[in-house]
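Coordinate analysis (summary)
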Amino acid sequence: PPSFATGMRQRKQQQQNQPRSNIQINSGGNEDNDYENKYNKSHDDNASSIQQQISLRREKRATHSRTQQARLAEKSIAELGVMFTKMSSLISQQGEMLERIEDDVEAAGGDVDAGHDELVKVYGMTKGNRGLILKVFGILIFLIIFMKLY
C-alpha cells in the first residue's frame with residue numbers, strides 16, 4: 001500500500017493536472033462571493049479526491065487480504081495432498097504386510113498338519129512294537145539287577 005507521503009504527492013499532481021475553471025458569478029460584482037465559490041469548488045474537489053484515494057486503499061487492502069487468504073488455502077490444500085499421499089503409501093504397505101502374514105499363517109498351518117501326520121506315523125510304529133519294547137526293557141532291568149548283585 002502507498003504511504004501517506006505518496007498519497008499527498010499524487011493528490012498534488014492531480015490538482016495540478018486538473019484544468020482550473022474560472023467560474024465567475026456576477027451577482028453585482030461581489031468579489032467575496034467569487035472567492036467563496038472558488039474555495040468551495042476546490043474544497044469539494046479535494047474532498048472527493050481524498051474519498052477516492054481512501055476507497056482505492058480500502059479496495060487494495062481487501063484485495064491483498066483475499067490474496068493472502070487464497071495463498072493460505074492453497075498451502076493447506078497442498079499439505080492435505082501430501083498427507084493423503086503418505087497415507088496411501090502407508091495403506092499399501094500395510095496391505096503388503098497383511099498378505100505376507102497371511103502367507104506365513106498358511107505355511108505354518110501346513111507345517112502343523114505335516115507334523116501331526118508324522119506324529120501319527122510314529123505313534124503307529126511304536127504301538128505295533130509295544131511288545132518288543134516291553135521285552136527289551138524287561139531284559140535291561142534284569143541285567144541291571146543282576147549286575148548289582150554280582
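The residue numbers shown here count from 1 along each chain, following its written sequence. This being a predicted model, a pLDDT of at least 70 is required before a residue's local features are given, and a value of 80 or more before pairs of side-chain atoms are given or counted; all residues contribute to the totals for chains, interfaces and linings. In computing side-chain values, all of the structure's heavy atoms are included and hydrogens and water are not.

**Some remarks on a nonpolar patch on the surface**
The patches reported here contain residues having more than 30% relative accessible area and no salt bridge. Joining distances are 9 Å for like charges and 5 Å for nonpolar side chains (Val, Leu, Ile, Met, Phe, Trp, Tyr). Every accessible area reported is derived by Shrake-Rupley at a probe size of 1.4 Å, with residue values counting cover from the shown protein chains alone. Within this document, salt bridges are pairs made up of a side-chain nitrogen of Lys or Arg and a carboxyl oxygen of Asp or Glu, the two lying within 4 Å of each other. Residues L132, I133, V136, F137, I139, L140, F142, L143, F146 and Y150 make up a contiguous nonpolar surface patch of about 1100 Å² in total accessible area. Each helix is a run of DSSP H or I of at least 4 residues and each strand a run of E of at least 2, with the numbering of both proceeding from the N terminus. Within the secondary structure layout, L143 lies in helix α3 (residues 130–149). For every residue, the accessible area (1.4 Å probe, protein chains only) is compared with the maximum for its type, and the residue is labelled buried under 20%, exposed over 50%, or partly exposed between those bounds. Look at L143 and you get partly exposed, because its relative accessible area is 43%.

**Considerations on the pattern of salt bridges**
For the structure on display, the rule yields one salt bridge. Across the pair K121 and E118 runs a salt bridge whose closest N-O atoms are separated by 3.8 Å. Of this pair, K121 and E118 are both found in helix α2 (residues 31–128), three residues apart, which corresponds to roughly one turn of the helix. The class of K121 is exposed, set by a relative accessible area of 52%.

**Some points on the packing of aromatic side chains**
Aromatic rings from Phe, Tyr and Trp, with only the six-membered ring used for Trp, were paired whenever their centres fell within 6.5 Å, and each pair was classed as stacked if the ring planes differed by under 30 degrees, edge-to-face if by over 60, and tilted otherwise. Summed over the entire model, instances satisfying the criterion amount to one aromatic pair. With a centroid separation of 6.3 Å and an interplanar angle of 15°, the aromatic rings of F142 and F146 are classed as stacked. In this pair, F142 and F146 both sit in helix α3, four residues apart, roughly one turn of the helix. With relative accessibility at 58%, the residue F142 sits in the exposed group. When its relative accessible area of 46% is taken as the criterion, F146 is described as partly exposed.

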